[in-house]
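Analysis of the macromolecular model
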Amino acid sequence: MTGVKAKLILSLFVASSAWCADAIAWCSPSALAASADGKVLYVACATSNRVEVFDTENRTVARSFAMPAPATGLVLSPEGDRLYVTCAAPRSTVQVVETSSGRVLASIAAGHTAQGPVLDAGGRTLYVSNRYSHDVSVIDTVKRREVARIPVLREPVGSALSRDAKRLVVANSLPTGRADVAPIAAEISLIDTAARKAVGKIALPNGSTSVREIRISPDGRLAAVTHLLARYYLPTTQIDRGWIQTNAFSLIDVDRGELVGTVLLDETDRGAANPWAVDWSDGGKSLLITHAGTHEVSIIDVPGMLRKLQTNTLDPADDMSFLTGLRLRVRLAGNGPRALAVNGKRAWIASYFSDTLETLDLTERAPAASTAAALTQSMANEQRLGERLFNDGSISFQGWLSCVSCHSPDARVDGLNWDLLNDGIGNPKNARSLLLSHRTPPAMSHSVRESAEQAVRAGIRHILFETRPESEAAAMDAYLKSLQPVPSPWLVNGKLSSAARRGRKLFFDKRVACGTCHPEGLFTDLKPYDVGTDNASDTSKLFDTPTLVEIWRTAPYLHDGSAATMHDVLTTANRGDRHGKTSHLNAAQIQDLIAYLMSL
C-alpha cells in the first residue's frame, strides 16, 4: 500500500469515525416494547441505530443491539423469544432478533421508511407501515419474507389489528388532495387482511393532520388515534383558545368502520401540543396519551368519556371542557415523549430529546412520573438544541403548538393552507417545506421575508406568540441548515428510472424550459415571477420560485395548494404555459416529466 493510499484510507476512516460518533451521541427513543412479565423493556433508538434492553427491576441498560439503520418500531413475538425491529431507510428492513442472545436471525426487506410493526396473535403475520412508499408490507414471519404490499393513503405511520385479525386499521399521517377545498383531513385506511387490500377509509374531521399513532382497545371495539385538529381556515391573529391549532384524538368503531367522535386534549387556557403515543390500560378503562410538545401524559377515564359522548350536546371537537373531571395531566421530567408502553399497572414513557425513561404507577390515584433512567449522558450541540426547540410546544404561549404543528417533526409540510398576516389577510398560503430554506432566500410565497433567519424569528413572535432568546432562534437556524433531502421513493436502486431519465431531458429542453427557473443544484434561481396563479386577495402577482428538491413529499402544490398532484401542476394548473411550456407535450411525455420531478 502506498503512503498516499494509506493516508487517504486513514482520512476516510477518521471522517467516518467522526460521523459515527456524532450519529450515536443521542439515542432518540422512538418506540418501546415490554416483555410479558414486565421485567424487560426494549427501546428503539432512532439516531443511534440501536435497541437498548432495559432491566426494569435494576433500572439499568443490560444490553444493546446494533441495528443497520434508525430503529423506528418494535414488536415482540407472543413467546417473547423474537423481537421484530423496523429499521427505516429508502429500502427498509425488519430485523428479526433473538432476544436471549441479541443475534439477528433474519433481515426482511420492507418499503421506504418502515415503522409501526404489528404482529397477529399467532405471531405468523407481521404488518409494517412504509411511510414514504405509502403502503403496508405483509410479512410471513415463518418464511421470513414479504408476501404482499398493500397501497394505502398518504404517509402511513402505524396500524392496529382487530382481535379477530380480519381488519387492519391504518393511520395515515397527512391529508391527500387539494388544500383550497374543504374538507381537508387525514384519513384512516381499512384493510381486509384476508383479501390483502384496502376496502374503505374513514375521514377524520376537517383540519385533521399530523396523525401519529393508533391503538385498539383490549376488547377490540375501539381504536384511538392521535392527531392535530387545525383551525387553518381562520387568520392567525391569535393563539389562545385553540384559535390556530388544537390537539386531539379520535375514536373509531373498528367493526363498523366509523368515526365515533373526536375529543380535544386542550383546556381553555392551556394547550396540549402535539399528542403522540397512545395506549390502553386497566382492561380498556383508561386511555393514556403523551403530549410530545408539552412533555406530559394524559390519563383518561374511558367509561366516563364514552358516557359523555352519548349525552353531550356540544361537539367534543369544539369543546375544551369536555375532559374536565375525566382526565389527569401528568407532567414529565423528560422532553419530547414519543413512546409509551403499558404493562399491567405500570406505564413506561420514553422522551425523544432528553433520552430518558420515566414510569407511572397506574394503581395510584394521582400518579406522578418518576425518572427510571437516562439512556445517554451526551450534551446537546446547537443543532440538536434547535431540533428540540423546533418540536417544543412549551415555548409557545400556553403550550398550544410548536413549529412542527404546521410542519412535520422534520420540518416539512402538513398539507394545509394557512392565512398568515405577513402578506395581508384572506389569502391563505400552503405550508412550505423548510428543507434548504436558508440556502434559497427570500422566504414565504410573496418573498416578504428577506431570509429564512428573518422568517424563524417572525414565526416565534407571530405564530408561537412569544419572545424568546436570540440563542434559541440561532439554534433553530442551525437545525434547519442541517436538514438533508430524503432519497425519493421514485428512484430505482438509488438512480433515475428510464422514464425519469427521459423526463430529465425534457426538463432541461429549451422548448419546455423548466430548467430556466429551476436550474440543477438547488432547482431554483431565487427569483420571483408572475406565473398566473394569483387571486384577488393576493398582495402581489409575483411568487417566489421554490426549490423542487423533495417535491415528491410536499403536495399539494402551488402557493394555494390548488394542485393536488404534479400532473395537475403540469396540465390543468398551467394555463398559458406560465410555469413551464408543457401544453405541447403528449401524455407519455408528461408522465416522464413527472417521473423526473418526483425523483428529485
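Predicted model, so just to flag it, every value in this text is computed and none were measured.

At a minimum axis separation of 7 Å, helix α3 (residues 382-390) and helix α5 (residues 470-482) run at an interaxial angle of 100 degrees. Between α3 and α5, the angle falls in the class roughly perpendicular. Between α3 and α5, the contacting residues are E382, Q383, L385, G386, E387, L389 and F390 on the first element and E472, A474, A475, M476, A478, Y479, L480 and S482 on the second. Here the residues of the contact of α3 with α5 are counted per class, giving 9 nonpolar, 3 polar and 3 charged.

Overall, antiparallel pairing links the 4 strands, which are arranged β1-β2-β3-β4 in an open sheet. In the strand order of this sheet, the two ends are held by β1 (29-34) and β4 (60-66), each with one partner. Strand-to-strand twist in this sheet, taken as the mean axis angle between neighbours without regard to direction, amounts to 25 degrees. Pairing of strand β3 (residues 50-55) with β4 involves 6 bridges; the strand directions are antiparallel. Following the sheet pairing, D55 is matched in β4 by T60.

It is worth spelling out the packing of helix α4 (residues 452-462) against α5 at this point. Interhelical geometry of α4 versus α5 gives an angle of 130 degrees and a closest axis separation of 10 Å. Between α4 and α5, the angle is such that the two are oblique. Viewed along their axes, α4 and α5 form a crossing whose handedness is right-handed. Residues E453, V456, R457 and I460 of α4 pack against E470, A473, A474, M476, D477, L480 and K481 of α5.

A side chain with one charge can pair with a side chain of the opposite charge if their charged atoms come near. Enumeration over the complete set of coordinates arrives at 33 salt bridges. With its nearest N and O atoms 4.0 Å apart, the salt bridge here joins E387 to R384. Note that E387 and R384 are positioned in helix α3 at a spacing of 3 residues, about one turn of the helix. Accessibility assignment for this pair places E387 and R384 in one class, buried. Taken together, the salt bridges that share partners define one network made up of E267, R270, E296 and R329.

Before going further, it helps to examine helix α2 (residues 302-311). Those residues of α2 that sit buried are V302, G304, M305 and L309. The buried residues of α2 occupy an angular sector of 160 degrees when projected down its axis, which confines them to one face. Exposed residues pointing more than 90 degrees away from the buried face of α2 are listed as R307, Q310 and T311. Buried-residue contacts for α2 involve β20 (245-253), β21 (258-264), β22 (275-281), β23 (286-291) and β24 (296-301). In this structure D301 caps α2, since a side-chain oxygen of it lies 3.1 Å from the backbone nitrogen of G304.

So, about unusual backbone geometry. Most peptide bonds take the trans form, and the phi angle of most residues other than glycine is negative. Here A182 and P183 are connected by a cis peptide whose omega angle stands at 0 degrees. Going from P441 to P442, the amide bond is cis rather than trans, its omega being -5 degrees. Looking at the secondary structure, you find P442 in the loop between β31 (429-430) and α4. A positive phi angle is found at N49, which is not glycine, with a value near 55 degrees. One can find N49 in the loop between β2 (40-45) and β3. Since its relative accessible area comes to 21%, N49 is described here as partly exposed. The backbone of R59 sits at a positive phi, close to 55 degrees, despite the residue not being glycine.

Strands sit in the order β9-β10-β11-β12 across an open sheet of 4 strands; the sheet is antiparallel. Each of the sheet's edge strands pairs with one partner strand only, and the pair in question is β9 (114-119) and β12 (145-151). On average, each strand axis in the sheet is inclined to that of its neighbour by 25 degrees, with strand direction left out of account. Here 6 bridges tie strand β11 (residues 135-140) to β12, and the two strands are oriented antiparallel to one another. When the bridges of β12 are listed, V136 appears paired with I150.

About the cut-offs
- Residues numbered from 1 in each chain as written.
- Predicted model: local features only at pLDDT ≥ 70, side-chain atom pairs only at ≥ 80, totals over all residues.
- Heavy atoms only, no water.
- Axes fitted to C-alpha atoms, helices over the stretch in contact; angles between N-to-C directions.
- Helix = DSSP H or I, 4+ residues; strand = E, 2+ residues; numbered from the N terminus.
- Parallel < 35°, antiparallel > 145°, perpendicular 65-115°, else oblique.
- Contact = heavy atoms within 4.5 Å.
- Nonpolar A, V, L, I, M, F, W, Y, C, P; charged D, E, K, R; others polar.
- Pairing = 2+ DSSP bridges.
- Left-handed = near helix turned anticlockwise from the far one by under 90°.
- Salt bridge = Lys/Arg side-chain N within 4 Å of Asp/Glu carboxyl O.
- Buried < 20%, exposed > 50% of the residue type's maximum accessible area, 1.4 Å probe, protein only.
- Arc of directions from axis to C-beta.
- Polar contact = N/O pair within 3.5 Å; in protein donor to acceptor, adjacent residues only side chain to side chain.

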